[in-house]
Structure formats: structure tokens, C-alpha cells
Amino acid sequence: MTFNDIKWSPSEKKVARSAFDAALQAALAEIMAELKKRASAATTPSDMWEIEDYLQRQRRKIDQMFDYRYSQLILVFASLIREGYLEQNRLAGLSEDKLEMIRSFLAYHARA
């Protein structure tokens with residue numbers, strides 16, 4: 001079975017969307033807090049450009065980490081849990097097979 005073969009029921013899609021959106025908001029809130037901190041501490045033009053660099057790096061990170069294709073969600077959710085943006089309990093309602101795949105990826109990365 002490949003990730004493309006995984007079927008998502010309508011109720012699972014709702015759970016997935018809710019969990020994904022909550023994780024995205026958590027990640028963006030973290031970036032916003034850091035941006036405010038850096039901006040308030042900025043005193044030179046160089047500081048301003050460092051903030052721009054920071055935002056560009058964070059944008060790339062967000063774009064890479066948050067991929068809402070059903071074929072990718074198992075890996076995305078495992079990554080978001082590992083990064084601290086998502087609690088596993090937000091995935092309640094997904095099938096046990098999907099939850100087990102997510103736990104397997106988490107266990108693998110914990111050993112690596």
C-alpha cells in the first residue's frame with residue numbers, strides 16, 4: 001500500500017483539516033511572536049535585513065512542512081507532532097490504521 005492508496009472518509013477529512021489548521025496557526029503564532037521580538041530589538045538597517053532573512057527562511061519552512069495533500073498527510077502529521085505544533089489527540093477520529101502509521105513514523109524518528 002502506498003500513501004496514494006490511503007482513503008480518507010468525509011469525517012476523517014474534517015478531523016484532518018481541523019488538526020492541520022490548528023497546527024498551522026500554532027506555527028504562525030510562534031513566527032509572529034519571534035518577528036515582534038526581533039522587530040522591537042532592531043536598531044540598524046542590518047537588523048532590518050536580518051528580519052527579512054528570518055521571514056524568508058520561516059516562509060520556506062512553513063511551505064515545506066504544511067502540505068495538505070491527502071497522499072502526504074500521514075507524514076505531515078508525524079512531522080507536526082515531532083516539531084511540537086500538533087498534539088496527537090487532535091487526530092482522534094482518524095482510523096486506527098492511519099494513527100498507527102503516524103505512530104510508526106514518530107517511533108522511527110525517535111530512534112534515528
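Residues numbered from 1 in each chain as written. Predicted model: local features only at pLDDT ≥ 70, side-chain atom pairs only at ≥ 80, totals over all residues. Heavy atoms only, no water.

**A closer look at the pattern of salt bridges**
Thinking step 1. Following the criterion strictly, the structure yields eight salt bridges and no others.
Thinking step 2. Salt-bridge contacts for Lys-98 lead to Glu-12; the nearest nitrogen and oxygen are separated by 3.0 Å. Of this pair, Lys-98 sits in helix 4 (residues 96-111) while Glu-12 sits in helix 1 (residues 10-41), and the two are 86 residues apart along the sequence.
Thinking step 3. Overall, Lys-98 belongs to the buried group, its relative accessible area being 5%.
Thinking step 4. The buried category is assigned to Glu-12, whose relative accessible area is 6%.
Thinking step 5. The salt bridge involving Arg-38 is made with Glu-34; its shortest N-O contact spans 2.8 Å. (Salt bridge = Lys/Arg side-chain N within 4 Å of Asp/Glu carboxyl O. Helix = DSSP H or I, 4+ residues; strand = E, 2+ residues; numbered from the N terminus. Buried < 20%, exposed > 50% of the residue type's maximum accessible area, 1.4 Å probe, protein only.)

**Structural notes on helix 4**
Thinking step 1. The end-to-end C-alpha distance of helix 4, which contains 16 residues, comes to 22 Å, matching closely the 22 Å that a straight helix rising 1.5 Å per residue would cover.
Thinking step 2. For helix 4, the full list of buried residues reads Lys-98, Leu-99, Ile-102 and Leu-106. Seen from one end, helix 4 has its buried residues packed into an arc of 100°, which puts them on one side. Opposite the buried face of helix 4, at more than 90 degrees from it, the exposed residues are Asp-97 and Arg-111.
Thinking step 3. In this structure, the buried side of helix 4 is in contact with helix 1 and helix 3 (73-83). (Expected span 1.5 Å × (residues − 1). Arc of directions from axis to C-beta. Contact = heavy atoms within 4.5 Å.)

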